[in-house]
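Topology and contacts: notes
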Amino acid sequence: MAMSVGPAESDSPMSDINTTPLVDVMLVLLIIFLITVPVVIQTVPVRLPKVAYEVTTSKPENVVLSIKNGKDGKCEVYWGQTKVTAQELLDRSVKKLKAEIDKLGGPQNMTADNMPEVHIRSDIDTRWECVGGAMTNVSRAGFTRIGFISQPDPGQSHAAVE
């Protein structure tokens, strides 16, 4: 530690604060926190949620798309059982949504409950560009509810898991 001694002829008390002990304590605390924090963060137990699937009921106004990779590396999108191109998908989506709005009597009668949905079934090996492109086209058409249909693990029940 350093100690400051004032001039010998001065009888006044020294008013400077010695910060060396404070710095020493702060460095020791810093080292302790640097060592203990990563250990504490890595050992925090986390209970992840267990997810069970719900049976999807498809209403007649919903759009069901199936997407897979084609033989030539291009994306294949099917509206029901009919293969469509990107432009046809956009046109059909606009036409379908417009028909549903007209059937309900105008956009003022649309609610979250009666808004048609798009259900996407995709092969597990399908490239993301294919799925993303289809999602972009139907959302450009005005669909706001897009869901994915998947297959649950074998033996998983319909009930919610704790």
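Please read all numbers here as calculations on a predicted model, not as lab measurements.

**Considering the environment of leucine 90**
Position of leucine 90 relative to the elements: it lies in helix 2 (residues 86–104). Of the residues examined, leucine 90 reaches a relative accessible area of 11% and is grouped as buried. Residues leucine 90 and alanine 141, 51 residues apart in the sequence, show an inter-C-alpha distance of 6.1 Å. Sequence-distant contacts of leucine 90, defined by excluding residues within four places in its chain, comprise Asn137, Arg140 and Ala141.

**Things to note about the state of the cysteines**
Simply put, disulfide is the name for a covalent bond between the sulfur atoms of two cysteines. This structure, assessed with the given rule, holds one disulfide. Two residues share a disulfide in this structure: cysteine 75 and cysteine 130, whose sulfurs sit 1.9 Å from each other. Residues cysteine 75 and cysteine 130 share a disulfide whose torsion about the S-S bond is about -75°; that sign makes it left-handed. Pair noted here: cysteine 75 is in strand 2 (residues 75–79) and cysteine 130 is in helix 3 (residues 128–141), with a separation of 55 residues, a long-range link.

**Some thoughts on a nonpolar patch on the surface**
Where nonpolar side chains cluster on the molecular surface, the patch consists of Leu22, Val25, Met26, Val28, Leu29, Ile32, Phe33 and Val37 and spans about 730 Å² of accessible area. Take isoleucine 32: it is sitting in helix 1 (residues 20–42). In this structure isoleucine 32 comes out as partly exposed when scored by relative accessible area, which is 42%.

**Side note on the nonpolar core**
With 19 residues, the main nonpolar core has Leu65, Ile67, Leu89, Val118 and Phe143 as its most contacted residues. Counting only elements with at least two residues in this core, the list comes to strand 1 (63–69), strand 2, helix 2, strand 4 (118–122) and helix 3. Top element by residues in this core is helix 3. It accounts for five residues. Sequence-distant contacts of valine 118, that is, excluding residues within four places in its chain, are made with Val63, Leu65, Val138, Phe143, Arg145, Ile146 and Gly147.

**Some thoughts on the packing of helix 2 against helix 3**
Packing of helix 2 against helix 3 leaves a shortest axis separation of 8 Å and a crossing angle of 35°. Judged by the twist between their axes, the crossing of helix 2 over helix 3 is right-handed. Each of Ala86, Leu89, Leu90, Ser93, Val94 and Leu97 in helix 2 lies in contact with helix 3, whose residues at this interface are Ala134, Asn137, Val138, Arg140 and Ala141. Within the contact of helix 2 with helix 3, the residues separate by chemical class into eight nonpolar, two polar and one charged.

**Considerations on the pattern of salt bridges**
Close approach of charged atoms allows side chains of opposite charge to pair. Evaluation of the coordinates by the stated rule reveals six salt bridges. Between glutamate 100 and lysine 96 there is a salt bridge, with its nearest N and O atoms 3.8 Å apart. With glutamate 100 and lysine 96 both in helix 2 and four residues apart, this pair spans about one turn of that helix. A salt bridge links glutamate 100 to lysine 103, with the shortest nitrogen-to-oxygen separation between them at 3.8 Å. Of this pair, glutamate 100 and lysine 103 both sit in helix 2, three residues apart, roughly one helical turn. With relative accessibility at 8%, the residue glutamate 100 sits in the buried group. Using a relative accessible area of 61% as the deciding quantity, one classes lysine 103 as exposed.

Parameters and conventions
Residues numbered from 1 in each chain as written. Predicted model: local features only at pLDDT ≥ 70, side-chain atom pairs only at ≥ 80, totals over all residues. Heavy atoms only, no water. Helix = DSSP H or I, 4+ residues; strand = E, 2+ residues; numbered from the N terminus. Buried < 20%, exposed > 50% of the residue type's maximum accessible area, 1.4 Å probe, protein only. Contact = heavy atoms within 4.5 Å. Disulfide = S-S within 2.5 Å. Patch = residues over 30% accessible without salt bridge, like charges linked within 9 Å, V, L, I, M, F, W, Y side chains within 5 Å. Areas by Shrake-Rupley, 256 points an atom, 1.4 Å probe, with all protein chains shown as cover. Salt bridge = Lys/Arg side-chain N within 4 Å of Asp/Glu carboxyl O. Core = buried A, V, L, I, M, F, W, Y, C linked by side-chain atoms within 4.5 Å. Axes fitted to C-alpha atoms, helices over the stretch in contact; angles between N-to-C directions. Left-handed = near helix turned anticlockwise from the far one by under 90°. Nonpolar A, V, L, I, M, F, W, Y, C, P; charged D, E, K, R; others polar.

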